[in-house]
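A closer look at the structure
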Amino acid sequence: QFFIAPEAKVALVVRIRGLNQLSPDVRKTLRLFRLRQIHNATFVRVNKATTNMLKKILPFITLGYPSRHLISRLVYKRGCGKLSGNRIPL
């Protein structure tokens, strides 16, 4: 019996390049991932569709697979909830 480590389900994607000389297809894919500005980051669920989209924009992003501890730290530091239509930091 062999142990196979499970693959990551979530990736953290950060935009590292600007918008000069971008093709419309790449620009649209970055917009779909909500990576509109340089140094923006987002969590992406890893599946076949998103993997193909990430391959298309790979020169403009960097990505990694975060640990549960990193995700919880980011959510508590930067996350907001909504209470009666107002954003409230966690």
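Structure first, text after, so check above.
Basis of the calculations
- Residues numbered from 1 in each chain as written.
- Predicted model: local features only at pLDDT ≥ 70, side-chain atom pairs only at ≥ 80, totals over all residues.
- Heavy atoms only, no water.
- Helix = DSSP H or I, 4+ residues; strand = E, 2+ residues; numbered from the N terminus.
- Rg over C-alpha atoms; globule rule 2.2 N^0.38 Å.
- Buried < 20%, exposed > 50% of the residue type's maximum accessible area, 1.4 Å probe, protein only.
- Contact = heavy atoms within 4.5 Å.
- Areas by Shrake-Rupley, 256 points an atom, 1.4 Å probe, with all protein chains shown as cover.
- Polar contact = N/O pair within 3.5 Å; in protein donor to acceptor, adjacent residues only side chain to side chain.
- Pairing = 2+ DSSP bridges.
- Axes fitted to C-alpha atoms, helices over the stretch in contact; angles between N-to-C directions.
- Core = buried A, V, L, I, M, F, W, Y, C linked by side-chain atoms within 4.5 Å.

**Some points on the overall build of the chain**
On a plain count of helices and strands, the chain comes out with three helices and five strands. Element order for the chain, N to C, with α for helix and β for strand: β-α-β-α-β-α-β-β. Computed over C-alpha atoms, the radius of gyration of the chain comes to 16 Å, more than 25% over the 12 Å expected from 2.2 N^0.38 for 90 residues, which places it beyond the range of a compact globule. Overall, the chain is about 50 × 40 × 20 Å in size when its C-alpha atoms are taken along their principal axes. Looking at the chain as a whole, 21% of its 90 residues are labelled buried. The contacts in the chain between residues at least 6 apart in sequence include a share of 63% that link residues at least 24 apart. When the accessible surface of the chain is split by element, carbon and sulfur atoms take 56% of a total near 7,600 Å².

**A look at unusual backbone geometry**
For Gln21, which is not a glycine, the phi torsion comes out positive at approximately 60 degrees. Tracing the backbone shows Gln21 in the loop between strand S1 (10-15) and helix H1 (24-32). Not every positive phi belongs to a glycine, and Arg34 is a case in point at roughly 60 degrees. Relative to the assigned elements, Arg34 resides in the loop between H1 and strand S2 (41-45).

**Quick notes on the side chain of Thr42**
Looking at where Thr42 falls in the secondary structure, it is placed in strand S2. Side chain to side chain, Thr42 and Arg34 meet in a polar contact 3.5 Å long. Aside from chain neighbours lying at most four places away, what touches Thr42 is Ala11, Leu12, Val13, Phe33, Arg34 and Leu35.

**Here's the deal with the sheet that holds strand S3 (residues 61-64)**
Strand pairing in a sheet takes place through backbone hydrogen bonds and is either antiparallel or parallel in direction. Taken in spatial order, the three strands of this open sheet run S2-S1-S3, and their pairing is antiparallel. The sheet is open, and its two borders are formed by S2 and S3, each paired with just one other strand. Direction aside, the axes of adjacent strands within the sheet are offset by 30 degrees on average. Note: S1 against S3, four bridges, orientation antiparallel. Paired with Val14 across the bridge in S3 is Thr62.

**Observations concerning the nonpolar core**
Residues Val13, Leu22, Val26, Leu30, Phe33, Leu35, Val44, Leu54, Ile57, Phe60 and Ile61 constitute the largest nonpolar core, which totals eleven residues. Every residue in contact with Leu30, bar those within four places of it in the chain, is listed here: Arg15, Leu22, Leu35, Ile57 and Ile61.

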